[in-house]
Amino acid sequence: MAATCVHVPRPLLPITALGCAAVLLCGCSGSGSPAEKGATKEGTTQAVAPLAADDLQNAYLKVIKNVLPSVVQIQASDELGSGVVYDDQGHIVTNAHVVGNETTFRVTTANSQNVLTAKLVYTYPGQDLAVIKLNKVPSGLKAATMGNSEKVEVGQIVLAMGSPLGLSSSVTQGIVSATGRTVSEGSADGGTGATIANMVQTSAAINPGNSGGALVGLNGQVIGIPTLAATDPSLGGGTAPGIGFAIPASMVRTIADQIIRTGKVTDSGRAALGITGRTVLDATYAPAGVAVVEVQPGGAADTAGIRPGDIITRIGTNDITTLTSLAEALAADKPGQRTRVTFLRGGTERTVGVRLGEQ
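Right, let's walk through the structure included here. Quantities reported herein were computed from a predicted structural model and do not represent experimental measurements.

**Digging into the overall build of the protein chain**
Right, on to step 1. Each helix and strand in the protein chain was counted, giving seven helices and 21 strands.
Right, on to step 2. Counting the 359 residues in the protein chain, one finds 43% classified as buried.
Right, on to step 3. Sequence-distant contacts, at least 24 apart, represent 61% of the contacts inside the protein chain between residues at least 6 apart.
Right, on to step 4. Accessible area of the protein chain: about 17,300 Å², with a carbon and sulfur share of 52%.

Given below as structure tokens:
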């Protein structure tokens, strides 16, 4: 399943339905209790379900009140997206595909209609992340709190905040559907073509304009930056409802901190083979490997003896049939890690050990 920057997820169950589910769980222990009968110690009666629904609603309202002021709308000349205020110095983190090739932007905060201006600090398409900086920091600007992605759990309730379809300060709700996803985004549909590892999958509705916004847990911490939605070939390439992906907050911190400190990414943490390649087809026109077009001098492939014209068919335990499968295999590895690369040279299969470089 591929991914695209166009998002058309399906709405989830209303809050009241979630509240009813909580009541059913609470009512499973014991019989004839005051809570089960809807009675208090004073003998008065009250509805239990509305209380549970109110508790959940209050939790939503608290998170939205605390975090939404830190989510901004970003307008480039041809793109509209979202961003998250990263610090009190006016740095804003967003997706690289939101900033594109632009260097100046118009920014609107959640609590003001005043248009602010910002400039690009650095964009890193390899991880689809970028940092821009406000030219003038307004009073009261509030930075979001980045959470610990390693503590994110499947089933956790989350809220997606951003500017879908230009509707600023919008919020949708859902759950974490999965973690640790490796997803490749297309370049033809507005993405950077990056393959991104360890993404958080969510059912929260994400639409065009949400990219670069915030995926937030009920503790008020940002756990990811909404970036992609899955596409379904059976729908003619249309988006698959309720399947969106967010870059984990831990990676956001790693990249953003480097950009703010040095003005660029100096340690990507992404493994590289050090080649330029293209997908090759077999006699039946099926993808059959990656042909090496160029080899970076002194890179991992060069050091291992891989040459232009070789056709890579396997890395470690992963079969390689396309450039995308090559990128996904490397996304699971780390720079400096040793692996084995199998390739064809003149019709003869060879396997060499390779110490991976850094992208």
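**A few points about the pattern of salt bridges**
Right, on to step 1. Applying the stated rule across the entire model yields two salt bridges.
Right, on to step 2. In this structure, Asp310 engages Arg345 in a salt bridge whose closest nitrogen and oxygen atoms are separated by 2.8 Å. Highlighted residues: Asp310 in the loop between helix H6 (300–304) and strand S17 (311–315) and Arg345 in strand S19 (residues 338–345), separated in sequence by 35 residues. Here Asp310 matches Arg345 in class, with each residue buried.
Right, on to step 3. Among the ionic pairs, Arg314 bridges to Asp319, the shortest N-O distance being 2.1 Å.
Right, on to step 4. Its relative accessible area of 29% is what places Arg314 among the partly exposed residues.

**Some remarks on the nonpolar core**
Right, on to step 1. If you look at the biggest cluster of nonpolar residues, it comprises 35 residues, and the most contacted ones within it are Val84, Val93, Met146, Met161, Met199, Val216 and Val252.
Right, on to step 2. Put simply, the parts of the chain that give this core at least two residues each are helix H3 (48–67), strand S7 (129–134), strand S8 (157–162), strand S10 (195–202), strand S11 (214–217), strand S12 (222–232), strand S13 (238–248) and helix H5 (249–262).
Right, on to step 3. No other element matches H5, which puts five residues into this core.
Right, on to step 4. What Met199 contacts, discounting residues up to four positions off in sequence, is Ala178, Thr179, Gly180, Arg181, Val183, Thr227, Leu228, Phe245, Ala246, Ile247 and Pro248.
Right, on to step 5. Among the nonpolar cores identified, the runner-up in size contains 19 residues, and Leu273, Val290, Val295 and Ala300 belong to it.

**Side note on the pairing of strand S15 (residues 275–281)**
Right, on to step 1. Here seven bridges tie S15 to strand S16 (residues 287–295), and the two strands are oriented antiparallel to one another. Bridge pairing links Gly277 to Val292 in S16.
Right, on to step 2. Linkage of S15 to S16, two consecutive antiparallel strands, is achieved through a turn of five residues, within which Tyr285 is found at a positive phi near 70°.

**Some words on the side chain of Ser211**
Right, on to step 1. Checked against the element boundaries, Ser211 lands in the loop between S10 and S11.
Right, on to step 2. For Ser211, the side chain forms a polar contact with the side chain of His97, separated by 3.1 Å.

**A closer look at the sheet that holds strand S2 (residues 71–75)**
Right, on to step 1. One closed barrel accounts for six strands, arranged S2-S3-S4-S7-S6-S5; its pairing is antiparallel. Strand-to-strand, the axes of this sheet are offset by a mean angle of 40°, without reference to chain direction.
Right, on to step 2. Pairing of strand S4 (residues 91–94) with S7, which is carried by four bridges, proceeds in the antiparallel orientation. Bridge pairing in S7 places Ile92 opposite Ile132.

**As for H5**
Right, on to step 1. Look at H5: 20 Å from first C-alpha to last across 14 residues, which is about the 20 Å you get at 1.5 Å a residue.
Right, on to step 2. Gly263 sits one or two positions beyond H5 and adopts a positive phi of about 85°.

**With respect to the environment of Ile320**
Right, on to step 1. Structurally, the position occupied by Ile320 is in the loop between strand S18 (318–319) and helix H7 (323–331).
Right, on to step 2. A relative accessible area of 1% means that Ile320 is categorised as buried.
Right, on to step 3. In sequence terms Ile320 and Pro287 are 33 residues apart; their C-alpha atoms lie 9.0 Å from each other.
Right, on to step 4. Aside from chain neighbours lying at most four places away, what touches Ile320 is Ala288, Gly289, Val290, Ile312, Thr313, Arg314, Ile315, Ser325, Leu326 and Ala329.

**Some words on unusual backbone geometry**
Right, on to step 1. Look at Leu165: it is not a glycine, yet its phi comes out positive at around 55°.
Right, on to step 2. Assignment of secondary structure puts Leu165 in the loop between S8 and strand S9 (170–184).

**A word on H7**
Right, on to step 1. Those residues of H7 lying buried are Ser325, Leu326, Ala329 and Leu330. For H7, the angular spread of the buried residues around the axis is 135°, confining them to a single face.
Right, on to step 2. The secondary structure elements touched by the buried residues of H7 are strand S14 (271–272), S15, S16, S17 and S18.

Analysis parameters
Residues numbered from 1 in each chain as written. Predicted model: local features only at pLDDT ≥ 70, side-chain atom pairs only at ≥ 80, totals over all residues. Heavy atoms only, no water. Helix = DSSP H or I, 4+ residues; strand = E, 2+ residues; numbered from the N terminus. Buried < 20%, exposed > 50% of the residue type's maximum accessible area, 1.4 Å probe, protein only. Contact = heavy atoms within 4.5 Å. Areas by Shrake-Rupley, 256 points an atom, 1.4 Å probe, with all protein chains shown as cover. Salt bridge = Lys/Arg side-chain N within 4 Å of Asp/Glu carboxyl O. Core = buried A, V, L, I, M, F, W, Y, C linked by side-chain atoms within 4.5 Å. Pairing = 2+ DSSP bridges. Polar contact = N/O pair within 3.5 Å; in protein donor to acceptor, adjacent residues only side chain to side chain. Axes fitted to C-alpha atoms, helices over the stretch in contact; angles between N-to-C directions. Expected span 1.5 Å × (residues − 1). Arc of directions from axis to C-beta.

Keep in mind that these numbers describe shape and distance, not what the molecule does.
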